[in-house]
Amino acid sequence: MLSASTKKDAADWSSPPFLYESDPVRKTVSLLVAAACVMALASCSSGDAGVTQLEGCSNTPSGSASNSVKVTGEFAKTPKVKIPSPLKVTEKGTERTIVIPGKGEPVKPNSTVDVAFAAYNGTTGKELTANGFDGSASMPVPVDVKQIIPGIVRTVECVDIGSRVVTTANVKTAWGQGDPSQLGLKPTDSIVFVVDLLDVLPTKADGKSQPAVPGMPTVKLAKDGAPTVTIPKADPPTETKVAVLKQGDGKAVADGETVTAQYQGVIWATGKVFDQSWGKAPVPFPTAGQGVIPGFKKALVGQKVGSQVLVVIPPADGYGAAGQPDAGISGTDTLVFVIDILKTVK
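Counting restarts for each chain: residues are numbered from 1 in the order of the written sequence. Under the rules for a predicted model, residues below a pLDDT of 70 receive no local features and side-chain atom pairs below 80 are neither given nor counted, while totals for whole chains, interfaces and linings still include all residues. Water and hydrogen atoms were dropped before computing side-chain values, which therefore reflect all heavy atoms in the structure.

### Looking at the layout of surface pockets
Quick reminder of the rule: Both site types are read off a 1 Å grid over the protein atoms alone. A 1.4 Å probe that fits but cannot get out defines a cavity, while an open set with protein on both sides within 12 Å along at least five of seven lines defines a pocket; lining residues have an atom within 4 Å of a point. Grid points are joined across faces, edges and corners, and a volume is the space filled by probe spheres set on the points. Side-chain classes are defined by residue name, with Ala, Val, Leu, Ile, Met, Phe, Trp, Tyr, Cys and Pro counting as nonpolar, Asp, Glu, Lys and Arg as charged, and the others, Gly among them, as polar.
As a volume, the second largest pocket reaches approximately 220 Å³. As for the second largest pocket, its lining consists of 16 residues, and the residues nearest its centre are N110, T203, Q262, G279 and K280. When the residues that make up the lining of the second largest pocket are grouped by side-chain class, the tally is 6 nonpolar, 7 polar and 3 charged.

The following block contains the structure:
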């Protein structure tokens, strides 16, 4: 759970205007649901190296606009991008060029892919944002137009992991019903995305189940890994308590790293879920400084990737006396989180 100060100050592509859903962790915009274009063909080659056409993907072709953007540099390193600005694109045309073909598995619809991502105003050539290159914290992309703007889904869907992709489009087409104005873009501008597809994220923790800890809330998991938390009929602990529900065997989370996780937050007093990533996409959490509330950080640092942890957080290690009114959390509320640790990077 991000701290109040981080939520106010955070600025990356996973904040508006790229994502759609609204929740207390990611300040995003509630919009109407866009419809995915479903293709009739399945598991056949698209004709472009680095792309595998799968059912549920739009077959986005390359074209003169995407081919005119010159991108150099190694995969996963900061790219050098030269745009023939003002870049001319058709009103509705989206084009996708594979600059570096990958050899990994194709990105399936409704999965989550880890990417390094950069966006540019094609009209001016100005870089708008860049994240995840040179070993910095990558970003999880839900391959679902209900959650993220169409232009990004068109960029990553059915592309093989290990690929570098250039996508060009009219801003209005790329954002659909989203609002690009926070990036200083006009609907008539052109947009350029340069994306390196790093990995497909697991959807849930895969560690070995551990015995329940007496006195802690109990957790029941659905088939997809989504938790249901039952609060004991007792007063909450006065200090932060952490229990490992599944023991992973991956890298241990170090202080200062960014952790990508699935999570659910529950209020002890009511049993109400006030926030969760389930049904949306995993979320990257910075553990550096005041990136997350203290109790959430205590639950992450030292745990191994693949683990699922349960943490009970009193107000002193949560949002303090001020609470978090937007999430329905008062200054006296103890919080309970179930966290699936999927990835960690420096």
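### What about the side chain of D275?
Here is the rule: Helix and strand assignments come from DSSP, with helices taken as H or I runs of at least 4 residues and strands as E runs of at least 2, each series counted from the N terminus. Exposure is judged per residue with a 1.4 Å probe applied to protein chains only, and the accessible area is read against the type maximum: over 50% gives exposed, under 20% gives buried, and values in between give partly exposed. Under the convention used here, Asp and Glu are negative, Lys and Arg are positive, and both His and the chain ends fall outside the count. In the sections that follow, a salt bridge refers to a side-chain nitrogen of Lys or Arg positioned within 4 Å of a carboxyl oxygen of Asp or Glu. Two N or O atoms form a polar contact when they lie within 3.5 Å of each other; inside protein one atom must be a possible hydrogen donor and the other a possible acceptor, and for residues adjacent in sequence the pair counts only when both atoms belong to side chains.
Turning to its location among the elements, D275 is positioned in strand β16 (residues 273-276). Here D275 sits buried without a salt bridge, and the closest side chain of opposite charge, K280, lies 4.6 Å off (N-O distance). At a separation of 3.0 Å, a polar atom in the side chain of D275 contacts the side chain of Y263.

### Examining the state of the cysteines
Here is the rule: We call a pair of cysteine sulfur atoms a disulfide when they lie within 2.5 Å.
Within the structure shown, the criterion is met by 1 disulfide. Each sulfur in the disulfide pair C57 and C158 lies 1.8 Å from the other. Its S-S torsion of approximately 70° makes the covalent link between C57 and C158 right-handed. Taken together, the residues C57 in the loop between β2 (52-53) and α2 (64-68) and C158 in the loop between α3 (150-156) and β9 (164-170) connect sequence positions 101 residues apart.

### Structural notes on the environment of G73
Note the following rule: Two residues qualify as a contact provided that any one of their heavy atoms is within 4.5 Å of a heavy atom in the partner residue.
As for its position among the elements, G73 is in the loop between β3 (70-72) and β4 (80-82). Measuring from C-alpha to C-alpha, the distance between G73 and I100 comes to 9.9 Å, with 27 residues separating the pair along the chain. If we ignore the near neighbours within four places in the chain, the residues touching G73 are I100 and R164.

### Let's talk about the pattern of salt bridges
In this structure the tally under the stated criterion is 7 salt bridges. Between D317 and K298 there is a salt bridge, and its shortest N-O distance comes to 2.7 Å. Placement of the pair is D317 in the loop between β18 (308-313) and β19 (335-345) and K298 in helix α5 (residues 294-300), with a sequence separation of 19 residues. Look at D317 and you get buried, because its relative accessible area is 15%.

### Digging into the confidence of the model for the protein
Rule in force here: Every residue gets a pLDDT, meaning the predictor's confidence in that residue, from 0 to 100.
For the protein, per-residue confidence averages 87 on the pLDDT scale, and residues scoring 70 or more make up 86% of the total. Note on residues 6-14: pLDDT is under 50 here. Beyond four places in sequence and across chains, it has 26 contacts. This stretch, residues 21-47, has a pLDDT under 50; its non-local contacts, to residues over four places away or in other chains, come to 75 contacts.

### Some remarks on the packing of aromatic side chains
The geometry of two aromatic rings is summed up by the distance between their centres and the angle between their planes. This is how the line gets drawn: Within 6.5 Å between ring centres, the rings of Phe, Tyr and Trp (the latter by its six-membered ring) count as paired, and their orientation is classed by plane angle as stacked under 30 degrees, edge-to-face over 60, tilted in between.
All told, the structure shown has 6 aromatic pairs when counted by the stated rule. Ring geometry for F274 against F337: centres 5.7 Å apart, planes inclined by 80°, an arrangement best described as edge-to-face. Taken together, the residues F274 in strand β16 and F337 in strand β19 connect sequence positions 63 residues apart. Taking relative accessible area as the criterion, F274 reaches 9% and is therefore assigned buried.

### Quick word on the nonpolar core
Rules: In these notes, a set of buried Ala, Val, Leu, Ile, Met, Phe, Trp, Tyr and Cys residues joined through side-chain atoms within 4.5 Å is what counts as a nonpolar core.
Formed by 30 residues in total, the largest nonpolar core has its most connected members in V113, W175, F193 and L197. Contributing elements (two or more residues each) for this core: β6 (112-121), β8 (139-142), α3, β9, α4 (171-175) and β10 (190-200). In terms of residue count, the dominant contributor to this core is β10 (5 residues). Grouped together as the second largest cluster of nonpolar side chains are 24 residues, F274, V309, I313 and I339 included.

### Some points on the pairing of strand β13 (residues 227-230)
Along any regular strand, the residues point their side chains to alternate faces of the sheet. The cut-off we apply is this: For two strands to be treated as a pair, DSSP must find no fewer than two bridges joining them.
Judged by which residues are buried, β13 turns out to be one-sided: P227 and V229 face inward and are buried, whereas T228 and T230, on the alternate face, are not. In this sheet, β13 lies alongside strand β12 (residues 218-221) in antiparallel orientation, the contact comprising 4 bridges. Following the sheet pairing, L221 is matched in β13 by P227. Between the antiparallel neighbours β12 and β13 lie 5 residues, among them G225 with a positive phi of about 100°.

### A short note on the pairing of β19
Within β19, 10 of the 11 residues are buried, which leaves it mostly tucked inside the rest of the structure. Where strand β15 (residues 258-267) and β19 come together, 10 bridges link them in antiparallel fashion. Within the sheet, the bridge partner assigned to G265 lies in β19 and is F337. Examined bridge by bridge, β18 and β19 share 6 bridges and lie antiparallel to one another. When the bridges of β19 are listed, V311 appears paired with F337.

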